[in-house]
Structures are given as C-alpha cells and as structure tokens.
Amino acid sequence: MSQHHLKPLFAPNSVAVFGASDKVDSIGQIVMQNMRQSGFKGQLYPINPKHKTVQGTAAFADLAEVKQPVDLAVIATPAATVAGIIAQCGQQQVKAAIIISAGFAETGEAGRALELEVLALAKRYGVRLIGPNCLGVMRPGIGLNATFNSGNAIAGNIAFVSQSGALCTAILDWANANDVGFSSVVSMGASVDVDFGEILDYLISDSLTHSILLYIEGIHDARSFMSSIRAAARIKPVILVKVGRHAAASKAAISHTASIVGADDAFDAAIRRAGVVRVQTISQLFSAAKALSCGFDTSGNRLAIVTNGGGPGVMATDYALDLGLVMADLTETTMATLNATLPNTWSHGNPVDIIGDAQADRYYHAVKACLEDPNVDGVLTILTPQAMTKPLDVANVIIALSDQYKKPLLSSWMGEAQVQASRSAFNAAKKPSFRNPESAVDVFSFLSAYHNNQRLLMQMPGPISHHLEPDVESGRMIIEGALQEKRTILGEMESKALLSAFHIPVAQTMVARSPNEALLIAQQLGFPVAMKINSPDITHKSDVGGVLLNLANAPAVRAAYHEIIENVKRLRPTAHINGISIQPMVVKEHGRELMLGVTNDPVFGPIITFGAGGTTVEIVADRSVALPPLNTFLVKDLINRTHVAKMLGQFRNMPAVNMEALESVLLRVSEMVCELPMLMEMDINPLILDERGALAADARIVVGLRPPSADRYAHMAIYPYPTHLISQWQLADGTDVVIRPIRPEDVWMVQDFVKNLSEESRYFRFMKSVQQLSESLLVRFTQIDYSREMALIATRNEQDHELQLGVTRYAINPDGESCEFSLVVAESMHGTGLAQKLMTALMDIARAKGLARIEGEVLKNNANMLKLMKRLGFTAVSHPDDSSIKNVYKLL
C-alpha cells in the first residue's frame, strides 16, 4: 500500500525554512531556532538569499541551490513572495509546505487574490499546504518544531489540531507546566488547502497518536470532515471544543423549523453521529482526554457518589441531574453490603455519605460495593479533609480499586494543602482526579456521551427504510412543477400530496375559493370541519386570524370563510390568497400534537427535527435534531432527547401512543430528505399522534434548486448506505452471489476472510507479510465514506450466515480525478470469473462518479492479476522506484 500523501508534512526527512534569519525575535529566526533546538534528525536547509549562513548553518539563496531532495518547506516570508516560493517548491518536487506568513484573504481583496494565486500554483504542482497565517506544525516525537512558538512541546500521545494559533501557544504553555505531551500540534490557519478531513485521515493511522483533540471555529467541507472524524472516532477517542455555540442562523427563516434550529444544533447533531465527545472549555478538553485514555468501560449514565461530606455530595448530585445524568438506584444486595460495612448513620441512599470520620477501609467497602452494582455505570468519590481523615491512604485505596474494575472511577479530593500528596499520587498513577466535584461530574457526562455517541456512530442507514417504497418520481414532479412556476413554497394541497407520495398519513384536504364552494366541500367532507387560510406568504396562520376550528354547520362555514378572508386582508394586506383549505376536524381524544421538521444548514446540509407541536413551538423550543439518513435506532434516540417524549407513554387518563407509527413517519421524512435534494425546509405541524396512529394535520414545504451533481446524495453530510449498488450474480455451478458495498458490521467477516487467505494471496494484496488486519485497518476497510471511496464485497450464504468470497475497492486520489484500486478473492474463487466481475462493477461505479482514471500497483510475480488487468484493458508499466512492482492503469 502506498504511503499517506501527508507523510512529507508530518514525517519529513528534510526541511527547508524560507525566511530563516538571525534577526532576533523575527518569525524566521524563531522558526529556525526551534527546528535546530527540537532535535530534528533530518536535513535542515535555511533559505535566505542575503546571507551565507543563518544561525551557524550554511544558507542557500533558493531551493534549486540545495541540490538535495526536500520534503517540507516552511515559509516565513512576506505574503507577496509566497507565490514565487510555491513555484520553486513545485519545480523542485517539494510535496508539502507550511505557510506561516500572514497578509492574505484576511487583509482584503488584494490579499484574497494573492491567496488564490498561491493555491492555484500549489494545485498545479501538487504541493499540499497548511495555512496561511498559522503557527505551524509540531511533531515532538521526531523533533519537528516548524512553528514560531516560544519553545518546544513535550512528546506524548495526544494530537491537538486547532484553527486558532493563539490558542495553540496558550495550550502549549499550559501543557508544559502540567506535563502533558503531544504526538502532533497542528495550527491550521486559513486552511485554504489541507483541512480537518485530511489531517484526521493521517492521524487515524499514526502510531504516535492515541487520542485526538480539536479546537474548531468552523467547518469548510462537511462531507470530508464527517467521513474522517467518524473513521478516527472508531479507533481513537476524539474530543473537541467548538466556539460560537450561541450564534443564530444568518438566514431569515420561513418555516417554524428553521427559526428554532441554529447552526450549533446542526453541528451538535453531526458530532453525535460521529462518535465524538464535545466539551465546552479547554480544561474539559484535557480532562476528558485523560479520562478516556484510562480505558474505562462506560456503558451508561447512572452515577453513584461516595462522599465523607453531605454538602459536596448533594451539590454533585444537583449538578449531575442538571446535566441529564441519572443517580443510580442501588440494588438490595448493594444496600445490604453497605448496611453491613458502614455505620448506622450513613445516608442509606445515593449519594452514599459515609460520614466525616471515614477512614480508608470504609471508603474501600463503599466504593467496591458501588462498582459491583449492576445498576451503577460509574462512581465519583469525594473526600473533604477533616481532622480524622487520611487523604493519601484513601487515595491509594481508590487507585487500587480503579486498577481492578473497568467502570469509571473518578475522584475529587477537595481542599489544597492537606490533599496535595493525594493529587500527586493520582497523577503518578494516571488516574483522573479533580479539585471540585462538578469537574468530575462533567467528565463522567463526557464518558457517558462518548459511549452513547459511539453507538450512534455504528449506524449506517440506507436512503430507503421501508419495504413499501415511496413514489419518489411523483414527489420530484410536484417540486419541479412548483419551481417551473418560479414558486419556492408549495401550497397546502401540494405539500400533502408530497407527504402522501412517501406514505405519510395526511388529513384529507380540499381548497375552496368562494363561500359557496366552502359550503359544498364541508358537506362533502362531513361536519365538523377546520378552515385555514391557504397562502404561500403566511407561515403562522393563527397569528393573522387564518384558522377557525370545530365548524359544525353550514352557516358557521359560510361565516368563517368571510371572517378568515377579512382577517388576512386586514392584517396581511400584501399576502397572496389562494383560497381557504378545508379538512375534517381531526378529533383525537388522546392525541398529542407534535412537530416534525426539516431545515438546511449551510455547512451540514439537511437536518431533521422533532419536538412538541402546535402554535407555541418557537416559545417552547422543545426539539431535538439529527442528521439524516435515519434508521429505527437513530429515530428512537431523536425522540428520547425531547421533553415531549415523556408524554408519549401512558399519561393520566391517556393511553400510550402508537410509537411505531411515529417512528415510521420520521423514517419517511428521512427518505424524503435523502431522495429529494430540492426539499429545503418542511414543517409537519401538528402531527397528531394517539394510540391508533399518526396523522399530518398541516404541512408547509419550501423547495429550491441545488447545483447539478452526478452524486445523488451530494446534498448530505453523511452518505447513505448505497443500496442501489447491491446486485445478484451466479457462479457457473449455480451458486448465488451477492455483490454489495461493504458495511461497518462486516468487520469480523472481513477479518476472517483475510485470515483464511493463503500466505501468498495476503502477500500479493498487501505487499508484505500480514497474518491478520490491525484494528485500525479493519476500521478503515469497513467504515468508509461512499462518496470518496468504495468497497464491494462478494458474499454467499452458508448455514444462515454470510461468507465473504472477495473484495475490491477504490479510493479517490487527492487530484479528485483518479482513484487507486485493490482486489483480492478467495483461493476457491480463482478461475470462476468473480475477480473480473468485481473489477468490472467497481470500474462502472468509478466511471459513474466522474473519475477519469483507475490505477494500482501489482507485484511483478502476481501473474494471475497481471493477466486479469490485461483482459480488462489496463496498461502495465514498470514502477519508477521498485523493480518488483508494476503500475497498472486504465482510462475510464
């Protein structure tokens, strides 16, 4: 397998520093000094045409004068010189550059033009860029300090990637004082080229990195970000801080949904689906990283607290409940154990107050009992230093227990002088300890969120969730008809027709354009009826007197028609009126009014919302948000994160609602979002739900055009499982074979497949001796972003389970126009035509994707593969650097 394309950036063998200087406190002087003092073992070339030496090292006038390969250029010269330097780098085959220089788009139009020129040259020559206007990059483990930070970082296993250079310097200063080490520190600056996605891709397979911390101000490419962060979070804890949590959406919202969902809601929904922990402060960022690195096995949010002080225990309990955690209900067995080992004056509940005179043995019995309780997911131990307390003895007991149990065991030793030795003991043992209980509770909430988000991460829904497929074509025709008439808001009849096309139950509705017509429609539908203004310009119908309910007879209907029209003309004189919609009065004695919605985030695309419905949705603001596509697991999570969810069960004299009906509607909404890119906003408000089912009483839909794309799901941040690529095939002996895209749950089938390959087949595939796949490779192979890579596996059923027969895959190269492929089939499938069938299917997908070329590397002695490539029309040429490899390629 070829090396990662960012290796020259993160692991260079040689570095050229443009603008290296002897001028004290200049950026060029600091960067060069850092590179010299950081222990970099590669070649270092200062580039400065005005000096023969810089800081005692021979300097060069330009890159051509070096006459040796250079992997990485670090640029600390004025912005106007950078384009020329990038051209030099391209001509000398430099593959990566860090542009520390400022003076680009942040300065205005002239700077923006300069930035575009630099980027165009970089793309022309294949030079990958970090920056501009950044602090730089550190890799302490290899002695790389290509920054103008004051000093070096400690080597460790945490990667920190930040969009703020100033924050990097502050964190590095804090980290050195607190003995926190890094595998990488990346200041991204303006991110005109390399962004979060590619950096995360590299860190996934970086053996020096065990956890990843991110500071985010904004996302440029949602698809790349989501793909990479999901892949990273499968094998390494990823924790992030994002600023701007309270920034409101910048557009003027037309629908209810858009007005109550801000940009941060979409980001939060994305992070949940990515299996990532989000924190609010920098201190929480490192605390969470420390706790996740302990290897705790977190399975829920039920917390037990053991304390020798009632006040701190109650404060911690209050805070835990504020965060949505659950105070564990201790089992009878645990209560019996505590009664047997604690004094009679203990609290007899959770929090477990073991009284102020508690010694180490009392802590031991109480904490051990809680850790062994199946109702407890984690334990917080609090100690306040009292006259008879021995804090260090208790700390040693907690450390020992933490080594014996996998459940999170957090500690808060309150105070200062008397507990200093205990804190040192916790730090030496690498156990999470906190100065106050609230910080410990925060971390437990992060551990709980991490567990839950990891479960969400594993979900890979397809675009269609029901066996009864929707009438997608009819839905598209409804939207296209409106757009052809230059309308972006569907009428009520069109909206309900669109819902019906996706099998969402709707209230029967007809539109009247005169009082007499209203009367005839009401008699046809049956009394009582509801009447509403039908206008594309009015969202909040009740606010303009546009809704009248429970109209029981003909005179009431005639009067209502006149009243609604007069109200609207008085309160919204410019509104265009398309008549009055009339529908049977939906009488659901036990009905709950809900709202389902869709809105479009500028970065993450369509998002789905659920919450309480009715006329007060903006005030109540009870809603949860999710990124599509959804499946049943994700739908349940979406529902359960709202307050209204508590009213869906049996409530006073009302029976529980039909949850399957609600879940079905949400799944149908997900289908609409996937299959109708032109759907911009939607309200189903109210959706009336009772024990018999669900009914959409009213709907409002906003549509719009999107740029044309060969990718049918280009509008979505998370690519749905591509069910349309599943196909059936048959071997000559009649064996039925399924060829389909790979799924995350295939992970163990893939591992078994590789194990069962012959040693020669494994060597031909991986070009080295491999017995089985590492965890990181398994994740990369099975959890993929179908928009930028594809893996097709061939399987057959054997005794009620799938058996893998072969796999082929491609990954799109950084140029966006070509892809690199791989292929391997089981020995039993040699000569059956399966390899050719898989490759043909893969090439068809790459061609449909708009790729122009497919290429790969084949060992020279892999005769069967080379024959297959020839049959498929590939050209084989010698590898320029390795005579044992043939490069094969084909234009698509």
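To keep things clear, this report deals only with the structure shown in the data block. (Residues numbered from 1 in each chain as written. Predicted model: local features only at pLDDT ≥ 70, side-chain atom pairs only at ≥ 80, totals over all residues. Heavy atoms only, no water.)

Attention shifts here to the overall build of the protein chain. Of regular secondary structure, the protein chain possesses 28 helices and 38 strands. On C-alpha atoms alone, the protein chain measures out to a radius of gyration of 32 Å, which is about the 29 Å that the 2.2 N^0.38 rule sets for 892 residues. C-alpha extents for the protein chain along the principal axes are approximately 100 × 80 × 65 Å. Of the contacts made within the protein chain by residues no fewer than 6 positions apart, 71% connect residues no fewer than 24 positions apart. Summed over all atoms, the accessible surface of the protein chain reaches about 37300 Å², with 51% contributed by carbon and sulfur. A distance of 4 Å separates the average location of the 78 positive side-chain charges in the protein chain from that of its 87 negative side-chain charges. (Helix = DSSP H or I, 4+ residues; strand = E, 2+ residues; numbered from the N terminus. Rg over C-alpha atoms; globule rule 2.2 N^0.38 Å. Contact = heavy atoms within 4.5 Å. Areas by Shrake-Rupley, 256 points an atom, 1.4 Å probe, with all protein chains shown as cover. Lys, Arg positive; Asp, Glu negative; His and termini not counted. Charge placed at Lys NZ, Arg CZ, Asp CG, Glu CD.)

On to the nonpolar core, then. Counting residues in hydrophobic clusters, the biggest one holds 61 residues, and the most contacted among them are Ile98, Leu214, Phe225, Ile229 and Phe604. Examining the composition of this core, we find that seven residues originate from one element, helix α7 (residues 222-233), more than from any other. Those residues in contact with Ile98, other than ones at most four positions away along the chain, are Leu9, Leu72, Ala73, Val74, Ile75, Ile130, Cys134, Gly136, Val137 and Ala146. Ile742, Met749, Leu823 and Ile845 belong to the second largest nonpolar core, which has 56 residues in total. (Core = buried A, V, L, I, M, F, W, Y, C linked by side-chain atoms within 4.5 Å. Buried < 20%, exposed > 50% of the residue type's maximum accessible area, 1.4 Å probe, protein only.)

With five of five residues buried, strand β19 (residues 409-413) is to be regarded as a mostly interior element. For the handedness criterion, the β-α-β arrangement of strand β18 (residues 378-383), helix α14 (residues 391-404) and β19 is classed as right-handed. With two bridges joining them, β19 and strand β20 (residues 433-434) adopt parallel strand pairing. Paired with Ser412 across the strands is Phe434, a residue of β20. Remark: the β19/helix α15 (residues 420-428)/β20 crossover connection has right-handed handedness. (Right-handed = clockwise from strand over helix to strand, strands pointing away. Pairing = 2+ DSSP bridges.)

A few words now on the pattern of salt bridges. In this structure the tally under the stated criterion is 37 salt bridges. Note that Lys496 and Glu492 form a salt bridge whose closest N and O atoms lie 3.1 Å from each other. Remark: Glu492 and Lys496 occur in helix α18 (residues 492-501); sequence separation between them is four residues, near one turn of the helix. Classification of Lys496 as buried rests on a relative accessible area of 4%. (Salt bridge = Lys/Arg side-chain N within 4 Å of Asp/Glu carboxyl O.)

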